[in-house]
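Architecture at a glance
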Amino acid sequence: MHRVGLVLILVVISFTSTAQFITHGPVIGAVTDSSARMYLRTTIPNAQLTLELVADDPFSIPFKVSASPVPRNDSSVVLGIEQLSSNTEYHYRIFVNQKPDTIAGSFRTFPAVGEKGEFTFVTGSCQETENMKVFDVMPLHNPYFLMHTGDYTYPDYQIAPDYSSTWDGMALSYRKRYDEKEMKYMLRSVPIDYVYDDNDYVGGSGGRFCKNDWKAHKENGRVVNEMFAPEFPPFWRRNTIKGYDEFFPHYPLVDTSEGIYHSFKFGNAEFFVIDRNSAKDRPNKDGFVYDEKKKKWRWDPPEGYALFGKKQMDWLKKSLKESDADWKFIVSGVPLNGACEKLIHAGVKIQNMSMKGFYGFHMAWGFSQYWAGFPEERNDFMQFLEDNDINDVIVISGDTHHNVMDDGSNAGLPELNASGLSVTGTELAYYLKLIGTFTFQYRMKKIWNQGGNGLGTKNLKNAFGKVSIVNDDYVELSIIDEDNAVISSFQVPHSSKK
Ligand SMILES: [Fe+2]
C-alpha cells in the first residue's frame, strides 16, 4: 500500500477513535544517529504505553516500543527507542491500553557520527513570561534539536523556594516544564537536550551546599553591600539531580554524585554539557574580601576557588583531548567569556555607586558567578587547550537574560550567549554599555564583539541562538528574535581553513 495512503488511513483512524490519555509529553531527548528517548505521562491507572514508529520511507515497517508509567515517578516513563537509522524522520503515534491517543508527531535522528553536511540546532535559556513566540519561530529553521541551557521555568519562585525538598515538588516542576505554552507542541517534533542552571536547580544561585545572595542598602549616605550563603539540606540537591535523571530524557550521565554533566555526538560535532551548580563547593561570597579600613570589598578569589570542580574539569579535558570531532561545543548554563572579568573589576570600582535602585556592586556580584569569577580554574583550562593544541572549540551559554556573541578574541573562545527565550527584559548589555562609557571602566565591544541585544542594535526582543554547522568549513552563529528577524550573525572558520 502506497506510503501516503497508509499515513492518511492512520491519521483518519487516529482522529475518529482517539482520546487524550497523555497528560504531559511527548518530550524527545538523548537523540543519536541510532536511538532516542521519549518522556510520556498518563494518569490512566495500570496503563500500558505503546509507541508505534515508522520511518519516512516507502519500505519501512512500523515497529513498537512499550512501557508502563512508573507510579513513584508521577506515573510518567521515559521510553528507550533503539535500532533507528541515522538522519531519518520517524513518524510516531501513541497507544494507551491499545487505544490510540490524539497525540502523534515525528522526529529526526541525528546524522551519522562523523558525517559532514549542513546541520542546524537552536539554543536558549530563561523562560518565565507568557510570551512564547520564540517556540513558534524555532521550527522554521528546521533544527535537529534545541539545546536548553537552563532556567527552563523558575520553580524556585513559581512553585516554592524549597520545591526541591519533596519528590512531589520535583515531579510538579517537570510537569510545569512540559506544560509550557507553544513549547510543548514544538517538543513533539524537535528533540531537546537540557542542563539546568540556578533557578531550575535548587534555586537562588545554588551550589553543592548553599544558595547565594547579595543585598545592598544605604546607611548614613553610604552604600552597604552584604553577601549571604544560606545552606540547604543535602537531599534538596540529591532530589534535583534525581529529578533530572528520572523525568528528563537525558543522555548517559557521567557521575550523578557530582552532577548532570554529559556529552553527545552530532554528525561531525561533539557536545560537552557541563553543570555549573551541582559541584560548586564554595559560596560566591568567598570571591570577595572586606577591607575594614577602607570599608569596601575587594575581589580576591582564594586558591582553589572553582565553579565546575576538579572531577568535572578532568572529565572535560580528557573528553576534549580524545575527541576527533571537527567541532567541539562546550555548553554551559553561564558564560565562559573571560573578558567578563572587566565587569567584576568595574563593579568593585563603583561599589559605592547607587542610582534608582541600581547598585554598582551588583555588577561585581553578578559577573563573579560566571567563569570569569574563577580565574584559576578557567586559566588552567585555557592553558590545557593551548598545550594540547585543541582547536575548533565553541561555547554555548545562558543565564544573562540577553543574547550576545563574541568571536573569541575577547572571550577566549567563540561564544554564543543565548539567554532570553521569554524574559521581561534583555537590556543588560545596553545598560552595561552606558555604565562602561560613563565610568570609563570598559567598552562592551571588548567583551562581546559580535553584537546582540542592545549591541549595535536597539532590538531588545526575546530571541534564541541558531547554530549552523557547515561541513568542516565554518560554523555560523546567529541570534534570531521572536519575530524571526536576525539580530546578529557571524561565521567561525574551521582551523583547517584559516
Ligand atoms: Fe534566568
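Residues numbered from 1 in each chain as written. Predicted model: local features only at pLDDT ≥ 70, side-chain atom pairs only at ≥ 80, totals over all residues. Heavy atoms only, no water.

**Comments concerning the overall build of the protein**
Rules: Under the DSSP-based scheme used, a helix requires at least four consecutive residues in state H or I and a strand at least two consecutive residues in state E, with every element numbered from the N terminus. Only C-alpha atoms enter the radius of gyration, while the globule expectation follows 2.2 Å times N to the 0.38, with N the number of residues. For every residue, the accessible area (1.4 Å probe, protein chains only) is compared with the maximum for its type, and the residue is labelled buried under 20%, exposed over 50%, or partly exposed between those bounds. For this analysis, residues touch if any pair of their heavy atoms sits within 4.5 Å.
Looking only at helices and strands, the protein features eleven helices and 25 strands. For 498 residues, the compact-globule formula gives about 23 Å, and the C-alpha radius of gyration of the protein, at 23 Å, lands near that figure. Per-residue burial over the protein gives 59% buried out of 498 residues. Intrachain contacts of the protein at a sequence separation of at least 6 include 69% that bridge at least 24 residues.

**Observations regarding the domain arrangement of the protein**
Basically, it comes down to this: In this document the domain limits rely on a domain assignment from an automatic tool or a database. A simple way to read buried area is as the amount of 1.4 Å-probe accessible surface that goes missing from two parts once joined, with both sides added. By definition here, a salt bridge exists when the distance from a side-chain nitrogen of Lys or Arg to a carboxyl oxygen of Asp or Glu is within 4 Å. Counted as a polar contact is a pair of N or O atoms within 3.5 Å, where, for protein atoms, one must be capable of donating a hydrogen and the other of accepting one, and residues adjacent in sequence contribute only when both atoms are in side chains.
Domain assignment breaks the protein into domain 1 (2-108) and domain 2 (118-497). Its C-alpha centre places domain 1 at a distance of 33 Å from the equivalent point of domain 2. Contact between domain 1 and domain 2 buries roughly 2100 Å² in total, counting both sides, with carbon and sulfur atoms accounting for 51%. Area buried by domain 1 at its contact with domain 2 is led by His 24, Val 27 and Arg 108, which between them contribute 27% of it. Applying the counting rule to domain 1 against domain 2 returns one salt bridge. A salt bridge links Arg 175 to Asp 74; the shortest N-O distance between them is 2.7 Å. Across the contact surface, domain 1 and domain 2 share 13 residue pairs in polar contact (both at pLDDT 80 or more).

**Things to note about the coordination of the iron ion**
As a reminder of what qualifies: In this listing, donors mean N, O and S atoms no farther than 2.8 Å from the metal, or 3.2 Å for Na, K and Ca; water is missing from the atoms, so a site can look incomplete. Angular criteria define each label, namely tetrahedral for four donors with all angles between 85 and 135 degrees, square planar for four and octahedral for six donors with opposite donors over 155 degrees apart and remaining angles between 65 and 115, and irregular for whatever fails these tests.
On the protein side, the iron ion has Cys 126 (SG), Asp 151 (OD), Tyr 154 (OH) and His 401 (NE2) as donor atoms, found 2.0 to 2.4 Å from it. Coordination at the iron ion is irregular: its four donor atoms span angles of 81 to 170° at the metal. Counting along the primary sequence, the residues that act as donors to the iron ion give the motif C-x24-D-x2-Y-x246-H. Given the relative accessible area of 1%, Asp 151 is considered buried.

**Here's the deal with the sheet that holds strand E3 (residues 49-55)**
Condition: Note: two strands are recorded as paired if DSSP finds a minimum of 2 bridges between them. Lines fitted to the C-alpha atoms define the axes, with helices restricted to the stretch that makes contact. Angles between their N-to-C directions range from 0 to 180 degrees.
Across the sheet, four strands lie side by side as E4-E3-E6-E7; this open sheet has antiparallel pairing. For this open sheet the edge positions go to strand E4 (63-67) and strand E7 (99-108), each flanked by a neighbour on one side alone. Strand-to-strand twist of the sheet, defined as the mean angle between neighbouring strand axes without regard to direction, takes the value 20°. Relative to strand E6 (residues 89-96), E3 runs antiparallel, the two sharing seven bridges. Residue Leu 53 lies in a different strand from E6, and its bridge partner there is Tyr 92.

**Focus: the environment of Ile 350**
With respect to the helices and strands, the residue Ile 350 is situated in the loop between helix H8 (341-349) and strand E18 (354-355). Placed 302 residues apart in sequence, Ile 350 and Gln 48 show a C-alpha to C-alpha distance of 62 Å. In contact with Ile 350, other than residues within four places in its own chain, are Gly 360, Phe 361, Met 363, Ile 435 and Thr 439.

**Observations regarding the environment of Lys 349**
In this fold, Lys 349 is placed in helix H8. C-alpha separation for the pair Lys 349 and Phe 361, spaced twelve residues apart in sequence, amounts to 8.1 Å.

**A few points about the pattern of salt bridges**
Throughout the structure, instances matching the rule amount to 26 salt bridges. Its salt-bridge partner being Glu 482, residue Lys 133 comes within 3.5 Å of it at the nearest N-O pair. With a gap of 349 residues between them, Lys 133 in the loop between strand E8 (118-124) and helix H2 (134-137) and Glu 482 in the loop between strand E24 (474-481) and strand E25 (486-493) connect regions that are remote in the sequence. Residue Lys 133 is classed as partly exposed on the basis of its relative accessible area, which comes to 35%. The class of Glu 482 is buried, set by a relative accessible area of 9%. With a shortest N-O distance of 3.4 Å, Arg 298 and Asp 300 are connected by a salt bridge. Classification of Asp 300 by relative accessible area gives partly exposed; the value is 37%.

**Remarks on the packing of helix H4 (residues 167-177) against helix H6 (residues 234-247)**
Keep this limit in mind: Reported orientations rely on four angle classes, namely roughly parallel under 35 degrees, roughly antiparallel over 145, roughly perpendicular from 65 to 115, and oblique for the rest. Crossing handedness follows the turn of the near helix against the far one: under a right angle anticlockwise gives a left-handed crossing, and clockwise gives a right-handed one.
The interhelical angle for the contact between H4 and H6, taken along N-to-C directions, is 50°, at an axis separation of 10 Å. With respect to H6, the element H4 is oriented oblique. The two elements H4 and H6 meet at a crossing, and its hand is right-handed. Across from Trp 167, Met 170, Ala 171 and Tyr 174 in H4, the residues of H6 making contact are Asn 239, Thr 240, Lys 242, Gly 243, Tyr 244, Glu 246 and Phe 247.

**Brief notes about the nonpolar core**
What counts, and what does not: The term nonpolar core refers to a set of buried residues drawn from Ala, Val, Leu, Ile, Met, Phe, Trp, Tyr and Cys, joined through side-chain atoms within 4.5 Å.
Of all hydrophobic cores here, the largest spans 91 residues; its most connected members are Phe 121 and Phe 329. In terms of domain composition, this core takes at least three residues from each of domain 1 (2-108) and domain 2 (118-497). Ignoring anything within four residues of it in the chain, the contact list for Phe 121 reads Pro 143, Tyr 144, Phe 145, Met 147, Phe 266, Phe 271, Phe 329, Ile 396, Gly 465, Lys 466, Val 467 and Ile 469. Counting 53 residues, the second-largest nonpolar core is a separate cluster that includes Phe 272, Phe 367, Val 404 and Leu 455.

**Focus: the sheet that holds E25**
As a general point, the strands of a sheet are linked pairwise by backbone hydrogen bonds and lie either parallel or antiparallel. Taken in spatial order, the six strands line up as E10-E9-E8-E23-E24-E25 in an open sheet, and their pairing is mixed. Looking at strand neighbours, the two that pair on one side only are strand E10 (192-194) and E25, the edges of this open sheet. Neighbour to neighbour, the strand axes of the sheet diverge by 20° on average, direction disregarded. Note: strand E23 (residues 463-470) against E24, eight bridges, orientation antiparallel. Looking across to E24, one finds that Gly 465 is bridged to Ile 479.

**Side note on a positive patch on the surface**
Definition in use: Residues enter patches when they are more than 30% accessible in relative terms and free of salt bridges; like-charged ones are connected within 9 Å and nonpolar ones (Val, Leu, Ile, Met, Phe, Trp, Tyr) within 5 Å. In short, Shrake-Rupley with a 1.4 Å probe defines the accessible areas, and a residue's cover is counted only from the protein chains shown. In this count, Lys and Arg are taken as positive residues and Asp and Glu as negative ones, while His and the chain termini are left out. One atom stands in for each charge, and that atom is NZ of Lys, CZ of Arg, CG of Asp or CD of Glu.
Together, Lys 342, Lys 433, Arg 443, Lys 445, Lys 446 and Lys 458 make up a region of like positive charge exposed at the surface. In this fold, Lys 445 is placed in the loop between helix H11 (428-439) and E23.

**Comments concerning the packing of aromatic side chains**
We count it as follows: Aromatic rings from Phe, Tyr and Trp, taking only the six-membered ring of Trp, are treated as a pair when their centres fall within 6.5 Å; an angle between ring planes under 30 degrees marks them as stacked, one over 60 as edge-to-face, and anything in between as tilted.
Considering all chains together, one arrives at 43 aromatic pairs under this definition. Consider the rings of Phe 145 and Phe 266, whose centres lie 5.2 Å apart with planes at 85°: the pair is edge-to-face. A residue pair is termed long-range when its members are at least 10 positions apart, and Phe 145 in the loop between H2 and strand E9 (146-148) and Phe 266 in strand E13 (residues 262-266) qualify at 121 residues. Judged by relative accessible area, which is 0%, Phe 266 ranks as buried. Ring geometry for Trp 371 versus Phe 381: centroids 5.5 Å apart, planes at 50°, classification tilted.

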